[in-house]
Amino acid sequence: MHTYKQFTVNRKTPAYWRISFQNPPINLLDPDTIFELLTLMDQIETDNDLKVIVFDSSDPEYFIAHYDMARAGEKQKTPKDIELPAWIDFVARLYRISVVTIAEIRGRARGVGSEFALACDMRFASKEKAIFGQPEVGIGVVPGGGANEALVRLAGRARALEIVLGADDFDAATAERYGWINRAIPDAELDGFVENLARRISSFDKQTLNDAKKLLNRTGVPEAEEILESRTVFVTGAMSPNTQRKVSTAFARGLGKPSDFELHLGQQIGSLE
């Protein structure tokens, strides 16, 4: 049995797990998170009883804030040797595992947090409390972890361009209308809705669920090579003097810390000098 520092695994039944993310103070995703996610994925892929996972957050303000830019230069450790970059390995496997994955979203899901949710099979969000954003262009890079590939499939080209090039925040109602998420649900009803759906799916035959997901995946699932292309452009942009300057300004204004800057990142990112 593995123990995790950033995730709580609640095995509600052998067929249904709920996995909660907690990385105080604002649920940044960092190299340790990715290591634990890869370890979790190894465990998930080898569990013969598991059918459904719900991913949620222990922080009502942040589902996953974004990547921890203060640790961006660290070498990523992995539980075993893999050919792809670690994040791309994880999301490519998340798309294709036989287990059905559901993101239950309260608070902010920006950058890689949005990309995590996009790689889940379904996304349900609190109408009052969920906020979505791909702020990368605002600091001089492109999304590099799957958003380009997923959003154009889910929202269409024009809306994907609005999301990525505008680099602003979106409320849950708009995200639902755009296809970014399945549904925006009143906060008081969100837990019950997701719980009922997860338990319903977990009651069905595992092989049938696997077959259906595999067939549906023939359309609309990005290839790892596509995400890798975005990551290459992201890395090039991250090394530019303009991006380095904007990131320094963002840190000075509260990036990566509990701050008004983080709470209102979509608005704040538009005023970086």
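It should be noted that the structure appears before, not after, this text.
Computed from a predicted structure; not experimentally measured.

J.: Pulling in residues and values, what's your account of the overall build of the chain?
T.: The number of helices and strands found in the chain is 12 helices and 8 strands. Here the C-alpha atoms of the chain give a radius of gyration of 18 Å, agreeing with the 19 Å that 2.2 N^0.38 yields for 273 residues. Along the first, second and third principal axes, the C-alpha atoms of the chain reach 55 × 45 × 35 Å. Scored against the burial criterion, the 273 residues of the chain give a buried share of 53%. Nonlocal contacts in the chain, meaning residues at least 24 apart in sequence, comprise 75% of its contacts between residues at least 6 apart. Here the chain holds 33 positive side-chain charges and 39 negative ones, and the gap between their average locations is 2 Å.

J.: Requested: an account of the packing of helix 2 (residues 86–96) against helix 9 (residues 224–238), with residues and values cited.
T.: Geometry of a packed helix pair, given as the angle between the helix axes and the separation of the axes. Two elements in contact, helix 2 and helix 9, have axes separated by 10 Å at closest approach and are oriented at 150°. Between helix 2 and helix 9, the interaxial angle falls into the category roughly antiparallel. The interaxial crossing formed by helix 2 with helix 9 has right-handed handedness. Every residue of helix 9 that contacts helix 2 at I88, V91 and A92 is listed here: A224, I227, L228 and R231. Split into classes, the residues belonging to the contact of helix 2 with helix 9 amount to 6 nonpolar, no polar and 1 charged.

J.: Describe the packing of helix 4 (residues 147–154) against helix 5 (residues 157–166), with residues and values.
T.: Across the interface, helix 4 lies against helix 5 with an axial gap of 7 Å and an inter-helix angle of 140°. By the criterion of interaxial angle, the relationship of helix 4 to helix 5 is oblique. Helix 4 and helix 5 meet at a crossing whose hand is right-handed. Taking contact as the criterion, the partners of N148, L151 and V152 in helix 4 are, on helix 5, R157, A160, I163 and V164. For the contact of helix 4 with helix 5, a count of residues per class yields 5 nonpolar, 1 polar and 1 charged.

J.: Explain the nonpolar core to me, and be specific about the residues and the numbers.
T.: Counting 57 residues, the largest nonpolar core has W87, F90, I105, F116 and F132 as its most contacted members. Core analysis: the next-biggest nonpolar cluster, separate from the first, contains 14 residues, V54, M122, F124 and L190 among them.

J.: Which residues make up the environment of Q22, and what values do they have?
T.: Residue placement: Q22 occurs in the loop between strand 2 (16–21) and helix 1 (31–45). It is 7.9 Å that separates the C-alpha atoms of Q22 and T8, two residues lying 14 residues apart in sequence. Ignoring any residue separated from it by four or fewer positions in sequence, one finds Q22 in contact with K5, Q6, F7, T8, N27 and S58. A distance of 3.2 Å separates polar atoms of two side chains, one belonging to Q22 and the other to S58.

J.: Provide a residue-level description of helix 7 (residues 187–202), including the pertinent values.
T.: An ideal rise of 1.5 Å per residue puts 22 Å on 16 residues; helix 7 measures up with 23 Å between its terminal C-alpha atoms. Residues D187, L190, V194, E195, L197, A198, I201 and S202 constitute the buried set of helix 7. Across the axial projection of helix 7, the buried residues extend over an arc of 170°, all falling on one side. Seen from the buried face of helix 7, the exposed residues on the opposite side, beyond 90 degrees, are A188, N196 and R200.

J.: A description of the packing of aromatic side chains should follow, citing residues and the corresponding values.
T.: One pass over the full model with this rule turns up 9 aromatic pairs. Three or more aromatic residues joined by ring pairs form one cluster here, namely F55, F63, W87, F90 and F116. In this structure, R11 is placed above the aromatic ring of W17, and the distance from its NZ or CZ to the ring centre is 4.7 Å.

J.: If you had to explain helix 10 (residues 241–253) to someone new, which residues and values would you point to?
T.: With 13 residues, helix 10 should cover 18 Å at 1.5 Å per step; its first-to-last C-alpha distance of 19 Å lies within 8% of that length. Within the span of helix 10, buried status applies to T243, K246, V247 and A250. With its buried residues spanning 100° around the axis, helix 10 presents them on a single face. Among the exposed residues of helix 10, those pointing more than 90 degrees away from its buried face are P241 and A252. Summarising the contacts, the buried residues of helix 10 are in contact with helix 9 and helix 11 (260–263). Where helix 10 ends, the next residue or the one after it, G254, has phi of about 120°, a positive value.

J.: Give a description of the pattern of salt bridges that names residues and reports values.
T.: Two side chains that carry opposite charge are able to pair once their charged atoms sit near each other. Counted under the stated rule, the structure contains 21 salt bridges. The partner of R108 in a salt bridge is E61, and the shortest N-O contact between them spans 2.9 Å. One end of the pair, R108, is in strand 5 (residues 100–110); the other, E61, is in the loop between strand 3 (52–57) and strand 4 (62–64), with 47 residues separating them in the sequence. One salt-bridge network, held together by shared partners, links K12, R18, D56, E104, R106, K129, D187, D191, E195 and R199.

Quick notes on the rules
Position numbers for residues count from 1 along each chain, tracking the sequence in the order it is written. With pLDDT at 70 or above as the cut-off, local features in this predicted model cover only qualifying residues; side-chain atom pairs require 80 or more to be listed or tallied, and sums for whole chains, interfaces and linings still use all residues. The side-chain figures draw on all heavy atoms in the structure; neither hydrogens nor water molecules are used. We count a stretch as a helix when DSSP gives it H or I for four or more residues in a row; a strand needs E for two or more, and each element gets its number in order from the N terminus. Using C-alpha atoms as the atom set, the radius of gyration is obtained and then compared with a globule rule of 2.2 Å times the number of residues to the power 0.38. The classification of residues rests on relative accessible area computed with a 1.4 Å probe and restricted to protein chains. Under 20% of the type maximum is buried, over 50% is exposed, and intermediate values are partly exposed. We call two residues contacting when some pair of their heavy atoms lies within 4.5 Å. A residue counts as positive if it is Lys or Arg and as negative if it is Asp or Glu; His and the chain ends are not included. Charge positions come from single atoms, namely NZ of Lys, CZ of Arg, CG of Asp or CD of Glu. Here, axes are lines fitted to C-alpha atoms. For helices the fit covers the stretch in contact, and angles between N-to-C directions go from 0 to 180 degrees. Small angles under 35 degrees read as roughly parallel and large ones over 145 as roughly antiparallel, with 65 to 115 read as roughly perpendicular and the rest as oblique. By definition, any crossing whose near helix is turned counterclockwise from its far helix by less than a right angle is left-handed, and any crossing with a clockwise turn is right-handed. All amino acids are sorted into three groups, where Ala, Val, Leu, Ile, Met, Phe, Trp, Tyr, Cys and Pro are nonpolar, Asp, Glu, Lys and Arg are charged, and the leftover types, Gly among them, are polar. In plain words, nonpolar cores are sets of buried Ala, Val, Leu, Ile, Met, Phe, Trp, Tyr and Cys residues tied together by side-chain atoms within 4.5 Å. In the analysis that follows, any N or O atom pair within 3.5 Å is treated as a polar contact, provided that within protein one partner can donate a hydrogen and the other can accept it, and provided that, for residues neighboring in sequence, both atoms belong to side chains. How far a helix is expected to stretch is found by multiplying one less than its residue total by 1.5 Å. The arc in question is formed by the directions pointing from the helix axis toward the C-beta atoms. Only Phe, Tyr and Trp rings are paired, with Trp represented by its six-membered ring, and only when their centres lie within 6.5 Å; those with planes under 30 degrees apart are stacked, over 60 edge-to-face, the remainder tilted. Whether a charge lies above a ring is judged from NZ of Lys or CZ of Arg, which has to be within 6 Å of the ring centre and within 35 degrees of the ring normal. The term salt bridge refers to a side-chain nitrogen of Lys or Arg lying within 4 Å of a carboxyl oxygen of Asp or Glu.

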